Amino acid sequence: MKKLLTVLLVATLALGTLGVFASCGGEKDPVVALITLHDESSTYDANFINAFKAACEAKGLKKSQYKIVSNIP
């Protein structure tokens, strides 16, 4: 009984893993996001936003490949 349960558990995990890997091929371009509490009017968040933009540009990402979401409580 324990062997059957173990085999079923391993099969379930394997199918779940395959399902996750199969759904990963949708986007070809990398998309990166930064979530901040405030926008660039806050000095604290402005430093992170500017550093994020500089890092994305240094990696050669286009504006369509990164996103900044601000004013998230």
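Throughout, residues of each chain are indexed from 1 in the direction in which the sequence is written. It should be noted that, the model being predicted, local features are given only for residues of pLDDT at least 70 and side-chain atom pairs only at 80 or more, the latter also being counted only at that level, while totals for whole chains, interfaces and linings use all residues. Excluded from the side-chain calculations are hydrogens and water; all other atoms, namely the structure's heavy atoms, are used.

## Description of the confidence of the model for the protein
If pLDDT is low for a region, its predicted coordinates should not be looked at in detail. Inclusion rule: A residue's pLDDT is simply how confident the predictor is in it, with values from 0 to 100. Helix and strand assignments follow DSSP, with helices taken as H or I runs no shorter than four residues and strands as E runs no shorter than two, numbered in order from the N terminus.
Per-chain confidence: the protein averages 87 in pLDDT, with 89% of residues scoring 70 or above. When the elements of the protein are averaged for pLDDT, helix α1 (residues 2-22) gives the smallest value, 85, and helix α2 (residues 43-58) the largest, 94.

## Re the packing of aromatic side chains
To keep it simple, the criterion reads: Any two of the Phe, Tyr and Trp rings considered here, Trp counted by its six-membered ring, make a pair once their centres fall within 6.5 Å; the pair's planes then place it as stacked at under 30 degrees, edge-to-face at over 60, or tilted in between. Relative accessibility thresholds used throughout: buried, under 20% of the residue-type maximum; exposed, over 50%; partly exposed, between the two (1.4 Å probe, protein chains only).
Counted by the stated rule, this structure contains two aromatic pairs. Geometrically, the ring pair formed by Tyr-44 and Phe-48 is edge-to-face, given 5.1 Å between the ring centres and 70 degrees between the ring planes. With Tyr-44 and Phe-48 both in helix α2, this residue pair falls four residues apart, about one helical turn. Relative to Tyr-66, the ring of Phe-52 lies with its centre 5.8 Å away and its plane at 80 degrees, an arrangement referred to as edge-to-face. Of this pair, Phe-52 sits in helix α2 while Tyr-66 is found in strand β2 (residues 66-69), placing the two residues 14 residues apart along the sequence. The buried category is assigned to Phe-52, whose relative accessible area is 13%.

## Observations regarding a nonpolar patch on the surface
How we decide: Each patch is built from residues lacking any salt bridge and having more than 30% relative accessible area; the joining distance is 9 Å for like charges and 5 Å for nonpolar side chains (Val, Leu, Ile, Met, Phe, Trp, Tyr). Exposure was quantified through the Shrake-Rupley algorithm and a 1.4 Å probe, taking into account, for residues, occlusion by the shown protein chains and nothing else. In what follows, salt bridge is the name for a side-chain nitrogen of Lys or Arg lying within 4 Å of a carboxyl oxygen of Asp or Glu.
Together, Met-1, Leu-4 and Leu-8 make up a nonpolar patch on the protein surface, roughly 390 Å² of accessible area in all. In this fold, Leu-8 is placed in helix α1.

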